[in-house]
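Per-entry structural report
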Amino acid sequence: MKQEYEIALSENMKKLYSILSENYHKIEKRIHAKILFGRVGGSGAQGLKSESSDDDLHLFITGGEELRQNAIRESGLPDIQGGNICPYEFEYQGKVFEIDTDFIFWDIVKEKIIQENKVVKQYPSVLCRDESAWNEDKNLSATVRYRNDFGSWLFQLFLLSDSIWLPKDFDDRQLNDLYKQRKTIDIMDAFFLRAYGNYCKFLKDRKEVLVRKYLYTIHHLETIIWIAENRTKPPFLFQKLVELADLDQSVKERIRHYYDLNSRSDVYKTRYKEKSSARIDSYIAERLDYAKELMEKYDKEERFSSVIERSQTKSLIVRP
């Protein structure tokens, strides 16, 4: 499997980064917070954009207490890691663009990660839980804007992204500190949780499946397997990840079939279903078992910064 790959931004992602760079000071004034770092998120960043997809920004902030309290009231939860304003209006080149913008409260997320790093786990952790814990957590694969792991999940996507956004005053040495925050095995574990949750809740023994759940599950599993086999940062772009994966050509062709269906669909992702594929179902079940084996053997103390140091291809950094 290749370990070096090219990163190229789509025209839409270039536009979104330009909009962010031109507006981030205005955003900070509006929400009374400082934007520390961010990324273009959503299906566009994964290369899974469809006719019905919207655009997303993930912005990690410090401050923004009023924003956080509003989000708590909306969610009904005692506390949250991230708040969503949907949509948020941006001015760019004389036009107004509406973009789904997730604000993640970094101070809260960072403290949660510090506490999680102290916990000794068996991996994949979801397979080591009792029935009550599984029943409580298995819905994490569903689309929920306010959930207990929302901010830390988006932070892991930031670490794995093909492109990231940093403000002018960001010290590059801080980037390595961000990579050190997370254990590699915990990133893999979070991806396994979602892949396994999708499989159990949406895919297993289904005659019809949500196409996007197929694609997300494939992306999560191949991300885990790439990291474990290559010990480097995988491509975040779905097409590139599958292209470079060590898979039977017949599986790749079936994956491409669902990828093309998703790209052409004008039905929103939470409603778009197609007939399931026995070949894809068996492939997912096999990859879940294989990912489990790889995770059980992986270094439980390694920080993700070590993965980045070994990687020939790193995230493309966009600045104002």
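In what follows, the accompanying structure is described. (Residues numbered from 1 in each chain as written. Predicted model: local features only at pLDDT ≥ 70, side-chain atom pairs only at ≥ 80, totals over all residues. Heavy atoms only, no water.)

**As for the environment of Lys 180**
- Relative to the assigned elements, Lys 180 resides in helix α7 (residues 172-181).
- You can call Lys 180 partly exposed: its relative accessible area is 42%.
- Each C-alpha atom of the pair Lys 180 and Phe 304 lies 5.9 Å from the other, and the pair is 124 residues apart in sequence. (Helix = DSSP H or I, 4+ residues; strand = E, 2+ residues; numbered from the N terminus. Buried < 20%, exposed > 50% of the residue type's maximum accessible area, 1.4 Å probe, protein only.)

**What to know about the nonpolar core**
- Ranked by size, the top nonpolar core spans 97 residues in total, and within it Ile 27, Phe 37, Phe 155, Phe 158, Ile 255, Ile 284 and Phe 304 carry the most contacts.
- The leading source of residues in this core is helix α8 (residues 184-203), at eleven residues.
- Excluding anything up to four places from it in sequence, Phe 37 contacts His 58, Leu 59, Phe 60, Trp 106, Phe 155, Phe 158, Trp 165, Leu 166, Pro 167, Phe 170 and Leu 178. (Core = buried A, V, L, I, M, F, W, Y, C linked by side-chain atoms within 4.5 Å. Contact = heavy atoms within 4.5 Å.)

**Thoughts on empty space enclosed by the protein**
- Taken as a whole and assessed by the stated rule, the structure comprises one cavity of 30 Å³ or more.
- Of the pockets and cavities examined, the largest cavity occupies roughly 30 Å³.
- If you trace the largest cavity, you find it lined by Asn 12, Leu 16, Val 40, Gly 41, Gly 44, Ala 45, Lys 49, Asp 54, Asp 55 and Asp 56.
- Mapped by element, the contributors of at least two residues to the lining of the largest cavity are α1 (11-31), β1 (33-41) and α2 (42-46). (1 Å grid on protein atoms, 1.4 Å probe; cavity = no way out; pocket = protein on both sides within 12 Å on 5 of 7 lines; lining within 4 Å. Points joined across faces, edges and corners; volume = space filled by probe spheres on them.)

**A closer look at helix α9 (residues 211-230)**
- For α9, built from 20 residues, the straight-helix expectation of 28 Å at 1.5 Å per residue is met to within 8% by its first-to-last C-alpha distance of 28 Å.
- With 19 of 20 residues buried, α9 is to be regarded as a mostly interior element.
- Just downstream of α9 lies Arg 231, where phi reads positive at about 60°. (Expected span 1.5 Å × (residues − 1).)

**Looking at the side chain of Ser 21**
- Inspection of the secondary structure assignment puts Ser 21 in helix α1.
- Residue Ser 21 is classed as buried on the basis of its relative accessible area of 18%.

**Quick word on unusual backbone geometry**
- That bond from Tyr 123 to Pro 124 is cis: its omega, -5°, falls within 30 degrees of zero.
- Within the secondary structure, Pro 124 sits in the loop between α4 (106-117) and α5 (131-137).
- Notably, Gln 93 is not glycine yet its phi reads approximately 50°, a positive angle.
- Its place among the elements puts Gln 93 in the loop between β3 (82-92) and β4 (95-105).

**Considering the pattern of salt bridges**
- The full count for this structure, using the stated rule, is 17 salt bridges.
- For Arg 182, the salt bridge identified is with Glu 116, shortest N-O distance 3.0 Å. With Arg 182 in the loop between α7 and α8 and Glu 116 in helix α4, the pair connects residues that are 66 residues apart, well separated along the chain. For the pair Arg 182 and Glu 116, a shared accessibility class is recorded, and that class is buried.
- For Asp 171, the salt bridge identified is with Arg 173, shortest N-O distance 2.7 Å.
- For Arg 173, a relative accessible area of 65% gives the class exposed.
- Three or more residues joined by partner-sharing salt bridges are found here, namely Lys 112, Glu 116 and Arg 182. (Salt bridge = Lys/Arg side-chain N within 4 Å of Asp/Glu carboxyl O.)

**Some remarks on the environment of Glu 66**
- Within the secondary structure layout, Glu 66 lies in helix α3 (residues 65-75).
- Using a relative accessible area of 54% as the deciding quantity, one classes Glu 66 as exposed.
- When the C-alpha atoms of Glu 66 and Lys 118 are compared, they prove to be 31 Å apart, with 52 residues separating the residues in sequence.

**Here we look at the packing of aromatic side chains**
- Counted according to the given criterion, the structure contains 19 aromatic pairs.
- Ring geometry for Phe 37 and Phe 60: centres 4.7 Å apart, planes at 20°, overall stacked. In this pair, Phe 37 sits in strand β1 while Phe 60 sits in strand β2 (residues 56-63), placing the two residues 23 residues apart along the sequence.
- We classify Phe 37 as buried; its relative accessible area is 2%.
- Their ring planes at 50° and their centres at 5.0 Å tell us that Tyr 88 and Phe 90 sit as a pair that is tilted. In terms of burial, Tyr 88 and Phe 90 fall into one category: buried.
- Here the aromatic cluster, defined as three or more aromatic residues joined through ring pairs, consists of Phe 37, Phe 60, Trp 106, Phe 155 and Phe 158. (Phe/Tyr/Trp six-rings, centres within 6.5 Å; stacked < 30°, edge-to-face > 60°.)

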